[in-house]
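Chain residues, written in single-letter form:
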Amino acid sequence: MEVSELVLWIIIGSAAVTWIPRVLPLLVLSRIKLPEWGIRWLQHVPVAVMAALLAQELLLTDGRLSVADNAYKLLAALPALAVAVYTRSLFGTVIAGVLSLAALRLFF
């Protein structure tokens, strides 16, 4: 199979656009020492991103707030939240969420 020059450049460009934003910050931040307040601030970024993703999935339908349309998702999130708080296990949390959502969809 022959790859045209245009396709090859598209693949190379896509790889660069994906690679540069991931590697460049690591290279820059590995060479400097961040202040303590900066490290503490950065520790909150993963939690904030996860909260934003969960809120969007659990509370929005077609770009608008709709708790009634997402009631089964919110109910399924409760056991997952309990597992997350008590075990701090990502795998256990995901399994609890998937099983509770499957059970709710099966029975309701």
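From a predicted model like this one, the values you see are computed outputs, not experimental measurements.

A.B. asks: Any chance you could break down a nonpolar patch on the surface for me, citing the residues and the numbers?
C.D. replies: A surface patch of nonpolar side chains, about 660 Å² in accessible area, is lined by W41, L42, V45, V49, M50, L53 and L54. Broken down by secondary-structure element, the contributors of at least two residues to the nonpolar patch are α2 (36-42) and α3 (45-59). The dominant element in the nonpolar patch, judged by the number of residues it contributes, is α3, at five residues. Mapping W41 onto the fold places it in helix α2.

A.B. asks: Describe unusual backbone geometry, with residues and values.
C.D. replies: With a phi angle near 55°, D62 is a residue other than glycine that sits in the positive phi range. Tracing the chain through its elements places D62 in the loop between β1 (60-61) and β2 (64-65). Residue D62 is classed as exposed on the basis of its relative accessible area of 76%. Despite not being glycine, R88 shows a phi value in the positive range, around 55°. Here R88 falls in the exposed class, since its relative accessible area comes to 74%.

A.B. asks: I'd love a proper account of the pattern of salt bridges, names of residues and values included.
C.D. replies: Summed over all chains, the structure comprises one salt bridge. Across the pair K73 and E57 runs a salt bridge whose closest N-O atoms are separated by 2.9 Å. Placement of the pair is K73 in helix α4 (residues 71-87) and E57 in helix α3, with a sequence separation of 16 residues. Residue class for K73 comes out buried when judged on its relative accessible area of 17%. For E57, a relative accessible area of 45% corresponds to the partly exposed category.

A.B. asks: Report on the packing of α4 against helix α5 (residues 90-107), specifying residues and quantitative values.
C.D. replies: One way to put it is that α4 packs onto α5 with a least axis distance of 8 Å and a crossing angle of 150°. With respect to α5, the element α4 is oriented roughly antiparallel. For α4 against α5, the interelement crossing comes out right-handed. Contacts from Y72, K73, L75, A76, P79, A80, V83 and A84 of α4 reach α5 at G92, T93, A96, G97, S100, L101, L104 and R105. When grouped by side-chain class, the residues that make up the contact of α4 with α5 number 10 nonpolar, four polar and two charged.

A.B. asks: Tell me about the side chain of S100, residues and numbers included.
C.D. replies: For S100, the location among the structural elements is in helix α5. A polar side-chain atom of S100 sits 2.8 Å from the main-chain carbonyl oxygen of A76. A polar contact is formed between the side chain of S100 and the backbone oxygen of A96, at a distance of 2.9 Å. When residues no more than four places from it in sequence are discounted, the contact partners of S100 are A76 and P79.

Parameters at a glance
- Residues numbered from 1 in each chain as written.
- Predicted model: local features only at pLDDT ≥ 70, side-chain atom pairs only at ≥ 80, totals over all residues.
- Heavy atoms only, no water.
- Patch = residues over 30% accessible without salt bridge, like charges linked within 9 Å, V, L, I, M, F, W, Y side chains within 5 Å.
- Areas by Shrake-Rupley, 256 points an atom, 1.4 Å probe, with all protein chains shown as cover.
- Salt bridge = Lys/Arg side-chain N within 4 Å of Asp/Glu carboxyl O.
- Helix = DSSP H or I, 4+ residues; strand = E, 2+ residues; numbered from the N terminus.
- Buried < 20%, exposed > 50% of the residue type's maximum accessible area, 1.4 Å probe, protein only.
- Axes fitted to C-alpha atoms, helices over the stretch in contact; angles between N-to-C directions.
- Parallel < 35°, antiparallel > 145°, perpendicular 65-115°, else oblique.
- Left-handed = near helix turned anticlockwise from the far one by under 90°.
- Contact = heavy atoms within 4.5 Å.
- Nonpolar A, V, L, I, M, F, W, Y, C, P; charged D, E, K, R; others polar.
- Polar contact = N/O pair within 3.5 Å; in protein donor to acceptor, adjacent residues only side chain to side chain.

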